[in-house]
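Spelled out, the chains give:
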Amino acid sequence: MFSNFRIVLDHPSHRYVIDYKCFSHSMYNYTTFWLEEDQGVLYVGAREAIFALNMNDITDKSMKMMDCYNYIRFLQRFNATHLFTCGTNSFKPHYAYIEIEKFTLSDVHSGRKICPYNPTVGYTGVIIDNKIYAATLYGFQSGQANIKRFPEMRSFQMEEWFSYSPNEFVDSVLLRESVNSSVGDDDKIYFFFTEKLVREYEFNGKPEVSWVARICKSDKGGVKILQRKWTSFLKTRLVCSIPEYGFHFNILKNMYVLNQEHWQDAVFYGVFVSQWQNVEISAVCQYTSADIRKAFEGLYKEDQRSPKRWSRYIHRVPEPRPGSCITDEFRKAGFKISYDLPDRVLDFVRKHPLMDEEVKPVGGRPLFTKKQVNYTKIVVDTVTALDGEQYNVMFIGTDNGWIHKLVNSGASTHIVEEIRLYKDLQPVESLVLARTQGTLFIGSQSGVTQLPVSNCHVYKNCWDCVLARDPYCGWDRSVCQDIRTQKNRTSLIQDIANGNKGCLDSNPNVINRRVPDGSDIYLQCNLSSNTATARWEFGGSKILSGGGPHYWLVETSLVVMKAHSPDSGVYICYAQENGISYAVTSYEISVS
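Residues numbered from 1 in each chain as written. Predicted model: local features only at pLDDT ≥ 70, side-chain atom pairs only at ≥ 80, totals over all residues. Heavy atoms only, no water.

Peer 1: Tell me about the overall build of the protein, and please be specific about residues and values.
Peer 2: Counting its secondary structure elements, the protein contains four helices and 41 strands. The 592 residues of the protein split such that 57% are buried. Of the contacts formed within the protein by residues at least 6 apart in sequence, a portion of 56% connects residues at least 24 apart. Counting every atom, the protein has about 26,200 Å² of accessible surface; 47% of that belongs to carbon and sulfur. (Helix = DSSP H or I, 4+ residues; strand = E, 2+ residues; numbered from the N terminus. Buried < 20%, exposed > 50% of the residue type's maximum accessible area, 1.4 Å probe, protein only. Contact = heavy atoms within 4.5 Å. Areas by Shrake-Rupley, 256 points an atom, 1.4 Å probe, with all protein chains shown as cover.)

Take a look at the structure:
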């Protein structure tokens, strides 16, 4: 149940171990997380159980557990005394409230149209001011897409003339756009999902499309038109592509919002994969809240019922603007709530929920792409480095149980670490960041893993520490330290932008080895930087990178084939990166 482990951390050229903690029980499917840092609790929904874990140490045996119904799909705080949860309940979904103090269930009800029937179907929800905004598919087999506010039962359902098969809901995000608003705007909930289109000729022949939709928090529906439905539902395409190659990442897997508490500065990070089975490649695309707002404030599309189907609407748009939240301008015109909106406005938004302008990523292309990997989840931390600049550090889970740690520095993004979590390959299905504690919580079918965001101690010399360009880490002239724990930073060395300044020449310890004549010699060289390359010298002369009949290069290590007396001497491995070269390992070999 409770375990402390040492975990292997791999680079293409080396491996080392780091400490981590793991929690598991007799249950499976530890995939629904709710973290409360101020309370020091990580709530975990699994199959047939909900746990309350000590976030400081998930192996702490003071954890609480309750038996629950089938697969837990949603778990969030409802009010000061209760959590809200829902689960599949053998294809008869139920929801309930959890009394936090006693950690017991109360008020169990049917969750039809609120909770998903199927544990594998995409689902998302958010609780705002004691109301649940949930997006799910209802129906036993495929069903209809639905966004509902509960307990008021206001919902929006996709109209029949949408060319789609069931949507895969991915994430939902609240932006409190009423705060410091100059126009008296309303808060908005954004939903991210992938839609499987039926007709391939729509949207440039791409049968799967990723979307962002929004609704206004205070939307109460219409009186005659859109009665008990959303009057503010609009959606537009979310693009993640490499334009020069015409390559599109169609399927959104996860979305994380940074600076959510300051909606003007909010930045969205999405992980995407390609829908084409024969191309295994993932991408991270970055979007701003300003670009998303701009798309929703632009032109609409209309369904022309022609081979092209959806096209730009170029005619007059009724006033007040359809799909908008109620603002000060609306109120001055006598439209206090959505009930007051004219029929012509509601009829327009019912027929034109699709925006013409797509949301493109920052820079018009992915922030990062990676071949031969399928990303599943992402979280992003912000670290203030020694140069005073803030750097965004991405932690991304894969479908085979790895965590990739990436740093974005200016126009470049590089992988700092690649951490393998499990012996038996399984997807990373949940990923939560405890920012104040500096911890990641990772959920999978087998359990929960607690992992530190920084592993500075694995870098054994100055160049290893600096070349890693890890914003958490700095060299203090003896060891690599986590800069967040150091009160006096004046002696620390760090160079995130270039990774090639501050260190003196490296003088590694010499390893003496005596080998028998005619034997093969294996000389290991471990590089701590993920982007460094190795160069070997013997007796001051460079050994060619191609090796040859006498030398065999195995990644960064060197094999001397059938060594004889002339092969005695000093072999030095140098790490090369960012225009610098430093000695990593030195061997003095004696052949006799």
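Peer 1: Can you explain helix 3 (residues 343-351)? Please cite residues and give values.
Peer 2: Every buried residue belonging to helix 3 is among Val345, Leu346, Phe348 and Val349, and all of these are buried. One side of helix 3 carries all its buried residues, which in axial view fall inside an arc of 160°. Next to the buried residues of helix 3 lie strand 16 (234-237). (Arc of directions from axis to C-beta.)

Peer 1: Please provide a residue-by-residue account of the pairing of strand 15 (residues 208-216), values included.
Peer 2: Within strand 15, nine of the nine residues are buried, which leaves it mostly tucked inside the rest of the structure. Neither face of strand 15 is left uncovered, since the one carrying Glu208, Ser210, Val212, Arg214 and Cys216 and the one carrying Val209, Trp211, Ala213 and Ile215 both have all their residues buried. Direction of pairing for strand 14 (residues 188-196) relative to strand 15: antiparallel, over a ladder of nine bridges. Looking across to strand 15, one finds that lysine 196 is bridged to glutamate 208. (Pairing = 2+ DSSP bridges.)

Peer 1: Got a sec to walk through a nonpolar patch on the surface? Specific residues and values, please.
Peer 2: A surface patch of nonpolar side chains, amounting to about 220 Å² of accessible area, comprises Val223, Ile337 and Tyr339. Residue placement: isoleucine 337 occurs in the loop between helix 2 (328-332) and helix 3. (Patch = residues over 30% accessible without salt bridge, like charges linked within 9 Å, V, L, I, M, F, W, Y side chains within 5 Å. Salt bridge = Lys/Arg side-chain N within 4 Å of Asp/Glu carboxyl O.)

Peer 1: Help me get a handle on the sheet that holds strand 39 (residues 557-560), residues and values and all.
Peer 2: Strand order in the open sheet made by the three strands is 35-39-38, with antiparallel pairing throughout. Looking at the sheet topology across the chains shown, the edges are occupied by strand 35 (521-523) and strand 38 (551-554). With direction set aside, neighbouring strand axes in the sheet form an average angle of 20°. Relative to strand 39, strand 38 runs antiparallel, the two sharing four bridges. Residue pairing across strands places leucine 553 opposite leucine 558, the latter belonging to strand 39. (Axes fitted to C-alpha atoms, helices over the stretch in contact; angles between N-to-C directions.)

Peer 1: Please provide a residue-by-residue account of the pattern of salt bridges, values included.
Peer 2: For the structure on display, the rule yields 25 salt bridges. When the shortest N-O distance is used, the salt bridge between aspartate 129 and arginine 176 registers 3.6 Å. With a gap of 47 residues between them, aspartate 129 in the loop between strand 9 (124-128) and strand 10 (131-138) and arginine 176 in the loop between strand 13 (165-175) and strand 14 connect regions that are remote in the sequence. Its relative accessible area of 46% is what places aspartate 129 among the partly exposed residues. Under the relative-accessibility criterion, arginine 176 is labelled partly exposed at 33%. A salt bridge links arginine 365 to glutamate 244; the nearest nitrogen and oxygen atoms lie 2.9 Å apart.

Peer 1: A description of the side chain of aspartate 470 should follow, citing residues and the corresponding values.
Peer 2: Looking at where aspartate 470 falls in the secondary structure, it is placed in the loop between helix 4 (462-467) and strand 32 (473-475). Residue classification places aspartate 470 among the buried residues on the basis of a relative accessible area of 1%. Within the local environment of aspartate 470, its side chain forms a polar contact with the backbone nitrogen of tyrosine 472, the two atoms lying 3.0 Å apart. Those residues in contact with aspartate 470 that sit more than four places away from it in its chain are Lys405, Val416, Gln494 and Ile496. (Polar contact = N/O pair within 3.5 Å; in protein donor to acceptor, adjacent residues only side chain to side chain.)

Peer 1: Go over the sheet that holds strand 7 (residues 94-99), please, and point to the residues and values.
Peer 2: Strand order in the open sheet formed by six strands is 3-4-5-6-7-8, with antiparallel pairing between adjacent strands. Two strands bound the open sheet, and with one partner strand each, they are strand 3 (32-36) and strand 8 (104-110). Along the sheet, successive strands turn relative to each other by an average axial angle of 45°, direction set aside. Pairing of strand 3 with strand 4 (residues 41-54) involves five bridges; the strand directions are antiparallel. Across the sheet, the residue bridging to phenylalanine 33 is valine 44, located in strand 4.

Peer 1: Summarise the side chain of aspartate 567; cite the residues concerned and give the values.
Peer 2: Turning to its location among the elements, aspartate 567 is positioned in the loop between strand 39 and strand 40 (569-577). Buried charged residue aspartate 567 carries no salt bridge. Nearest counter-charge: lysine 562, at 12 Å. (Lys, Arg positive; Asp, Glu negative; His and termini not counted.)

Peer 1: Can you tell me about the state of the cysteines, naming the residues and giving the values?
Peer 2: Any covalent bond linking the sulfur atoms of two cysteines counts as a disulfide. For the coordinates displayed, the defined rule picks out six disulfides. Here cysteine 216 pairs with cysteine 325 through a disulfide, and the sulfurs are 1.9 Å apart. Disulfide cysteine 216 to cysteine 325: torsion about the S-S bond roughly -95°, handedness left-handed. With cysteine 216 in strand 15 and cysteine 325 in the loop between strand 23 (310-312) and helix 2, the pair connects residues that are 109 residues apart, well separated along the chain. For the pair cysteine 216 and cysteine 325, a shared accessibility class is recorded, and that class is buried. A disulfide bridge connects cysteine 240 with cysteine 285, and the sulfur atoms are separated by 2.1 Å. For the disulfide bridge between cysteine 240 and cysteine 285, the dihedral angle about the S-S bond is near 80°, and by the sign convention the bridge is right-handed. Here cysteine 285 lies in strand 21 (residues 281-288) and cysteine 240 lies in the loop between strand 16 and strand 17 (241-242), a separation of 45 residues in the sequence. Summarising the burial analysis for this pair, cysteine 240 and cysteine 285 share the class buried. The connectivity of the disulfides in the protein is 1-4, 2-3, 5-8, 6-10, 7-9, 11-12, where the numbers refer to bonded cysteines in sequence order. Free of any disulfide, cysteine 68 has its nearest neighbouring cysteine sulfur in cysteine 86, separated by 9.7 Å. (Disulfide = S-S within 2.5 Å.)

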